[in-house]
Amino acid sequence: MSDTPTYPIGKILAGNRDAVQAASDRFNTQPIDLEFLHNGPYPYSRYRTTLGDVESCSGPGTFQGSKKSTLIFSPSRIPGWWIDRTDLPGQFPIGVSVRNVWTTARNIVLRSGSPHNYLRMVEHIIAFRLGMGVDDLTVCIASGDPPLFDRGNLDIYEAFQRAGIVETKTPATFVTVREPLTFGGTRGDFLTFLPAEPGQLGLRVDCAIDFKSAIGRQRIRYDLTPDVFRIGSEARTNAPYSQYLYTRTIGKLFADTRNLGYTTRNILIHGRKRYLNEPHLIYDGRSYEAVWHRSTLDLLAAVSLLDAGRFAGTIVSYRAGHTQDVEMCSMLALHDYLVPHH
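Computed from a predicted structure; not experimentally measured. Position numbers for residues start from 1 in each chain and track the written sequence from start to end. Restriction of local features to residues with pLDDT of at least 70 applies here, the model being predicted, together with a cutoff of 80 or more for giving and counting side-chain atom pairs; totals for whole chains, interfaces and linings are based on all residues. With hydrogens and water stripped out, all remaining heavy atoms of the structure feed into the side-chain values.

### Some thoughts on the packing of aromatic side chains
Then, in step 1: Note on aromatic contacts: the rings of Phe and Tyr and the six-membered ring of Trp form a pair at centre separations within 6.5 Å, being stacked when their planes are under 30 degrees apart, edge-to-face when over 60 apart, and tilted otherwise. According to the stated counting rule, one finds 16 aromatic pairs in the structure shown.
Then, in step 2: Ring centres of Phe73 and Phe160 lie 5.1 Å apart, and the angle between their planes is 65 degrees; this geometry places the pair in the edge-to-face category. Placement of Phe73 in strand β5 (residues 68-75) and of Phe160 in helix α3 (residues 154-163) is noted, with a sequence separation of 87 residues between them. Comparing Phe73 with Phe160, the two get one shared label, buried. Counting from the N terminus, the helices are DSSP H or I runs at least four residues long and the strands are E runs at least two residues long. Exposure classes here rest on a 1.4 Å probe applied to the protein chains alone. A residue is buried below 20% of its type maximum, exposed above 50%, and partly exposed in between.

The structure is reproduced here in structure tokens:
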């Protein structure tokens, strides 16, 4: 493993500089547990891509576990990613963009037009835009409730593999940030986006988490490739045992948790000192499922909302979450911090 790197604190877009510096100091002292660096050529097509065929995958609904939910992935001639609620034929498809984020309170929800035209927990779907290098795609679903799978999101990965990824004749567009930029949170957390070097088209991620539970401190550093993303796609979302117990008891009284499709198979349940079910993604006897999920399916989802192009550069994430991710990406787009990159 290479030496542990340090990163500059960029222009502060949110938060207190002293708090960001303290969080950065803690991040820099946390060793890298896993590292997957890529030394070869850019691992994705340099042309815009779409799918070669229509494919689908199904599972119990995330928020209505008693109902089956199906995602249908189709090639698209229209640039970008689009979510088509087939049960709402009078509504336009929802563009996958920071412009259409409705809320990030518990998960990322996209909406366009009618308040009924939404899709919840989109992060585990739209992360595939960057992770698989697919630029143009339509996702059809007959409700606002996506499926929850027992194998993380390997079902989606395998649907993409079956469909095949094909090039168009249009060169891909890349963007990066004008300068180093940092977004500080309120929990000793931060995000830093660093510009790509000349000729660098890829994305490097250095992500650390710190839980006061069995998950503990975990840090992973990687260059994004299809193979790396395939590993991360297996990572399930995690929940503390107290939250899981709540959904199974008193949570049954409330609409927002009554029908959650959480089971001991489709999420990682962590207690203070041990996991309450079997963790995945074991390396040297320890599970890194939580940091894989955070760095690939959560963080990359927010970056996939930058519809100006594929993001190139380096992203550093320490203890951040959906809200910070999306607010950071919104500021990049809103305040013209993104520039074309070649």
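And the narrative resumes.
### Describing the packing of helix α2 (residues 123-131) against α3
Then, in step 1: The interhelical angle for the contact between α2 and α3, taken along N-to-C directions, is 40 degrees, at an axis separation of 10 Å. By the criterion of interaxial angle, the relationship of α2 to α3 is oblique. When the axes of α2 and α3 are compared, the crossing they make is right-handed. Where α2 abuts α3, its residues His124, Ile125 and Phe128 lie against Ile156, Tyr157 and Phe160.
Then, in step 2: Looking at the contact of α2 with α3, its residues break down into 5 nonpolar, 1 polar and no charged. Interaxial angles span 0 to 180 degrees and are taken between N-to-C directions of axes, which are lines fitted to C-alpha atoms, for helices over the stretch in contact. Angles below 35 degrees are treated as roughly parallel, those above 145 as roughly antiparallel, those between 65 and 115 as roughly perpendicular, and all remaining angles as oblique. Take the far helix as your reference; a near helix turned counterclockwise from it by less than a right angle gives a left-handed crossing, and one turned clockwise gives a right-handed crossing. Contact definition: two residues touch when any of their heavy atoms are within 4.5 Å. Residues are grouped as follows: nonpolar covers Ala, Val, Leu, Ile, Met, Phe, Trp, Tyr, Cys and Pro; charged covers Asp, Glu, Lys and Arg; every other residue, Gly included, is treated as polar.

### Considering the pattern of salt bridges
Where charged atoms from two side chains of opposite charge approach closely, those side chains can pair.
Then, in step 1: Basic side-chain nitrogens of Lys or Arg form a salt bridge, by our definition, when they fall within 4 Å of a carboxyl oxygen of Asp or Glu. Tallied over the entire structure, the rule returns 16 salt bridges.
Then, in step 2: For Arg294, the salt bridge goes to Asp325, with nearest N and O atoms at 2.6 Å. Separated by 31 residues along the polypeptide, Arg294 in helix α7 (residues 289-304) and Asp325 in helix α8 (residues 322-334) bring together distant segments of the chain. For the pair formed by Arg294 and Asp325, the shared burial category is buried.
Then, in step 3: Overlapping salt bridges bring together Arg151, Asp155 and Glu158 as one network.

### Things to note about α2
In an α-helix, one turn spans 3.6 residues; hence positions three or four apart end up facing the same way.
Then, in step 1: Where burial is concerned, most of α2 is hidden: 9 out of the 9 residues are buried.
Then, in step 2: Positive backbone phi, at 70 degrees, marks Gly133, one or two positions downstream of α2.

### Considerations on the sheet that holds strand β1 (residues 11-14)
Then, in step 1: One open sheet holds the 7 strands; their spatial order is β1-β14-β15-β23-β16-β17-β2, and the pairing between them is mixed. If you trace the sheet from one side to the other, it starts and ends with β1 and β2 (34-36), each paired once. Mean inter-strand twist for the sheet, computed between neighbouring axes without regard to direction, equals 10 degrees.
Then, in step 2: Strands are labelled as partners when DSSP assigns at least two bridges between them. When strand β16 (residues 203-210) meets strand β17 (residues 217-223), the two strands line up antiparallel, connected through 7 bridges. Paired with Asp206 across the strands is Arg221, a residue of β17.
Then, in step 3: Contacting β1, β14 (181-184), β15 (190-194), β16, β17 and β23 (313-318), helix α1 (residues 17-29) runs over the sheet at an angle of about 95 degrees to β23.
Then, in step 4: Of the strands in this sheet, β1, β14 and β15 are in contact with α8, which crosses β14 at around 140 degrees.

### Examining the sheet that holds strand β10 (residues 118-119)
Then, in step 1: Strand order in the open sheet formed by 3 strands is β8-β9-β10, with antiparallel pairing between adjacent strands. Since the sheet does not close on itself, it has two edges, and those belong to β8 (101-103) and β10, each with one partner.
Then, in step 2: Where β8 and strand β9 (residues 109-111) come together, 2 bridges link them in antiparallel fashion. Across the sheet, residue Val101 finds its bridge partner in β9, namely Leu110.

### Examining the pairing of strand β13 (residues 174-177)
Then, in step 1: Both faces of β13 are covered, namely the face carrying Phe174 and Thr176 and the face carrying Val175 and Val177.
Then, in step 2: Summarising the sheet, β13 and strand β22 (residues 310-311) pair through 2 bridges and their orientation is parallel. Its bridge partner being in β22, Phe174 is matched across the sheet by Arg310.
Then, in step 3: Relative to strand β24 (residues 338-341), β13 runs antiparallel, the two sharing 4 bridges. For Thr176, the partnering residue across the bridge sits in β24 and is Val339.

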